[in-house]
Structure formats: C-alpha cells, structure tokens
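# Fold and geometry: a report
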Amino acid sequence: MARIVVVGGGIAGTAAALALHKAGHGPVVHEAHPDTGEDIGAFMTLASNGMRALAGFDAERAVAGVGFDVTAMNVLDARGAELASVPLGEVERPLARYRCLRRAELGAVLQREVRRRGIPLRHGARLTSVTETEEEVTAHFADGSSAAGDLLVGADGLHSAVRGWLEPGGAGPEYAGQRVFYGYSTAAAPPVAGPGLITMVRGSEAAFGYLVSPAGRTFWFARVAAPPVGTEERVRTAPAQWRAWLEPLLRPDRTPCADIVAGTGEELMVTNALHLPAGNRWRSRRVVLIGDAAHAASPATGQGASMALEDAVVLAKALRDAPSAEAALAAYEDHRRPRTDLNTATSARLTASRAPAGSGPQDGPPPEDSARPSTRPDEALLRLLDWDTPLPLREPGA
Ligand SMILES: Cc1cc2nc3c(=O)[nH]c(=O)nc-3n(C[C@H](O)[C@H](O)[C@H](O)COP(=O)(O)OP(=O)(O)OC[C@H]3O[C@@H](n4cnc5c(N)ncnc54)[C@H](O)[C@@H]3O)c2cc1C
C-alpha cells in the first residue's frame, strides 16, 4: 500500500482519493479551504463520461442523488429557429445520464464519500512547497505542518502550487477571451424548455444556455467575448449592473434569453474563461498532476469536471496495474494527455467561435460541427474507465 499525499480536496482530489483507496492505497487529502463550503454557486453539467468515471470508484449513485438529469439538447439560432434537437449522452442508462448540479454540490458529495470510506481529509492545509528525495516526497503547508508519502498527487486546481513547483516559471492560466455569466432566474419558465432539456442558443452577441430545474427555476449561462473582468470590477459590480450590461446584448435576438436574464435577481455571477496552454510538465518521479492543475480548459465544452474524474480512475488503475510507480505515472500521462489536449483545444475553438457549449470529445464533434452529438459511448473510453478492465500498458522499451 502506497502512502499518497493528495493536495486539493476539490473534484479531482476527492475522486483520486476514492479511486486510489479502492485500488488498495492509503491516500490522505489536504485541502486549503478551512471548511467545505466555499464556492461561487455556479452550476455545471456533468457529462455521461463523468458519470461513467464516477462508477469506476462506486460514487455514481451518491452523485445521482443531487441535481437533475439532462437528457436532450436543443440548439437555437439568434432568430429563435431550432437548428437541432437531439438526445444527450447515455439516455437509456439512468446512472450515466448527463446531470445538472451546482459545483459545490458535487464537491460536497465527493467529500462526504471520502469521509464515509474512512479516508483522512484535512481542511485548512494550504500547500506552499514540496521536497522530493529518492525515498519519499513531502508536502509543506502554510501552517507549518508537513506530510510525507510515496507519491504526491497535485489536484490543486487552475492556479496549482504543485504545478509551480514541478515547472518553476512555467506558463500559467491564460484568459480565453470570454466572460462567463451564470444565473438562476425566477421568471416564468421559457416556453420551449422542459425537464431534462438543455437549450443552447447561438446568439448574435453571446453563446447562451438554459435549463429548467424540476422545481421550475431557470438555470442559465452566457459566454460573451469581452475584455476580462478585473478583480476590483468584480467586487464593485452588483448583479443588477451585470444584468444591465448583459441584457442589451441579448435583447435584439428573438430568443427567450434577455427575458431570462431580466428575471434574475441577486443570483447572478460572472467569471473569466481561463485555460492552461498545453505542453506543461505533468510529473516527476513521485509527483503527478491531475484535473485542472494539469489541463484546465475554458468552460465551453463543459468537460472540466468529467476530465478530472476520468483522470482519477486512470491514475488509480495505472498504479494498480503497472509494474512500478514510475511506469504507472507514465501510463497515466500516455492515456490522458491526448484526450485532455483535445478537450482544451476544442473548448478554445468553441470559445473563439462563440458557439454554444456542447458535448465533449467523448461524444464526437461538438454541435457547431455536426449538431448531432452521438449518444453511443466510445468503447475504448468505456474500457479505460471500467474498473475491472486492465489498463493497457506500453511494452517495456517502447
Ligand atoms: C464557471 C465555470 C463553469 C464550469 N462549468 C463546468 C461544467 O459545466 N462541466 C464541467 O465538467 N466542468 C465545468 N467547469 C470546470 C470544472 O469546474 C473544473 O474543471 C473542475 O472543478 C476541476 O476540478 P479540480 O479538482 O481539478 O479543481 P478545483 O475544483 O478547482 O479544486 C481544486 C482544489 O484545490 C484546493 N487548493 C488550491 N490550492 C491549494 C493549495 N495550495 N493547497 C491545498 N489545496 C489547494 C482548492 O481549494 C480546491 O478545493 C467549469 C468551471 C468554471 C470556472
């Protein structure tokens, strides 16, 4: 059993802890936040591949207990004309359906699952530096404490300190060119929306998406090409001011988007779409990055969390099946880098083209290319995520 220091108790870190524990290892999670609660409150969609990854470490039922199913997608143009109406993901398999949930809910469910399985999770532990020797790796925290292990998993997100240690002076996150707005509208549900349907709108000034929850609230997002929102601007701008900024961009279109925004109260948030340039270093002998720390994409494909969950399964399987930890980390990177690079590039392209969010690379081309995301799962991916299927390993010397 390897002692594994997991830095970051977000989606990637908790998922890795669950998968590594299942593989017979001893993970301990160290999370910077002093409590479980911090989140801006934005919602997200978890795709079928993310639900399949959760099944790899037996957490799909727990996650299916929060949020709601999303089973179909409509695409509208700026005139409100329907361009496509398609099923989304693995509709026939209830535990593998797309889900809409708040990011904080997913984090909380996974943290609860970590605790339920007896995996130590420490809050208030902010990593500041790492030391690695032939024998072990040690994480040092801001409160003066440290934790040693055989392996350190850097799951500390977009602004990863572990990544900074692995590659001092390496490229950090970049602005992807869009502001992303999220809101929960109390206006009457838009006419075309129904339970389980996500509507994507190719607006003239914004890519817009909305869903109606079973409780009748409209969850929406908008992606708008504009200069990044500065920290000060974010602090001093009230939701009503953002509404006033966004609504005129949507009003000329013949879609429900402007009314949805107008019907939103205080629950309106804005953030910048950021991504990490490809090609950064992912690992040393005893340190490996997963999730956004390794490969943050802008949110357009809606795949960041699912990619983090996939990472967790593949890393745990690699450590279970490879002849050495070094070979395991190499196998993990071999399997993950091409797929996450594709997701980052696809998301950047969608962001640049202002197309609506859609399916990720697991479902074939995104909707702006085909308007027909397949519901058929990719067999190779299913094998990769299936816990009982051995991970294909490179031949020695290959
Ligand atoms: C606005 C927005 C919308 C999104 N929508 C979607 C979506 O619809 N679907 C989807 O799949 N993905 C979406 N994503 C992406 C998704 O949220 C991320 O890809 C996912 O959260 C990555 O998980 P992570 O665990 O790698 O990083 P995070 O969730 O950021 O977790 C990192 C954790 O590490 C902790 N940490 C940071 N630094 C340290 C340190 N020094 N020491 C210890 N702990 C530390 C943090 O507190 C945090 O808990 C969205 C992202 C954004 C910003």
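The coordinates are above.
This structure is a prediction, so every number in the text was calculated from the model and none was measured.

Next up on the list: the nonpolar core. If you look at soluble globular proteins, the nonpolar side chains tend to sit buried side by side. By size, the foremost hydrophobic cluster in this structure holds 71 residues, and its most contacted members are Leu46 and Phe57. With 10 residues, helix H10 (residues 304-321) is the largest single contributor of residues to this core. When sequence neighbours within four positions are dropped, the list of residues in contact with Phe57 reads Ala15, Leu18, Ala19, Lys22, Arg117, Leu309, Ala312 and Val313. Within the second largest apolar cluster, 23 residues are counted, among which are Ala84, Leu88, Ala176 and Tyr184.

Before going further, it helps to examine the site of the ligand. Neighbouring the ligand are 29 residues; Ala12, Glu31, Thr45, Tyr182 and Asp292 lie closest to it. Asp292 has a polar side-chain atom sitting 2.8 Å from an oxygen atom of the ligand. A distance of 2.9 Å separates an oxygen atom of the ligand from a polar atom in the backbone of Ala305. When the ligand sits alone it has 1000 Å² of accessible area, and the protein chains cover 85% of it. At the level of secondary structure, the elements contributing two or more residues to the shell around the ligand comprise helix H1 (11-22), strand E2 (26-31), strand E3 (43-46) and H10.

Let us now look at the sheet that holds E3. Within the open sheet, the 3 strands sit side by side as E3-E7-E4. Their pairing is antiparallel. In the strand order of this sheet, the two ends are held by E3 and strand E4 (68-70), each with one partner. Looking at each pair of strands side by side, their axes are set apart by 35 degrees on average, direction ignored. Summarising the sheet, E3 and strand E7 (residues 98-102) pair through 4 bridges and their orientation is antiparallel.

Our next topic: unusual backbone geometry. Positive phi values are uncommon outside glycine, yet Asp58 reaches one of about 60 degrees. Counting through the fold element by element, Asp58 comes out in the loop between helix H2 (48-56) and helix H3 (60-64). Judged by relative accessible area, Asp58 falls into the partly exposed class, the value being 43%.

Cut-off values and rules
Residues numbered from 1 in each chain as written. Predicted model: local features only at pLDDT ≥ 70, side-chain atom pairs only at ≥ 80, totals over all residues. Heavy atoms only, no water. Core = buried A, V, L, I, M, F, W, Y, C linked by side-chain atoms within 4.5 Å. Buried < 20%, exposed > 50% of the residue type's maximum accessible area, 1.4 Å probe, protein only. Helix = DSSP H or I, 4+ residues; strand = E, 2+ residues; numbered from the N terminus. Contact = heavy atoms within 4.5 Å. Near = heavy atom within 4 Å. Polar contact = N/O pair within 3.5 Å; in protein donor to acceptor, adjacent residues only side chain to side chain. Areas by Shrake-Rupley, 256 points an atom, 1.4 Å probe, with all protein chains shown as cover. Pairing = 2+ DSSP bridges. Axes fitted to C-alpha atoms, helices over the stretch in contact; angles between N-to-C directions.

Limitation: the analysis is restricted to geometry and does not speak to function.
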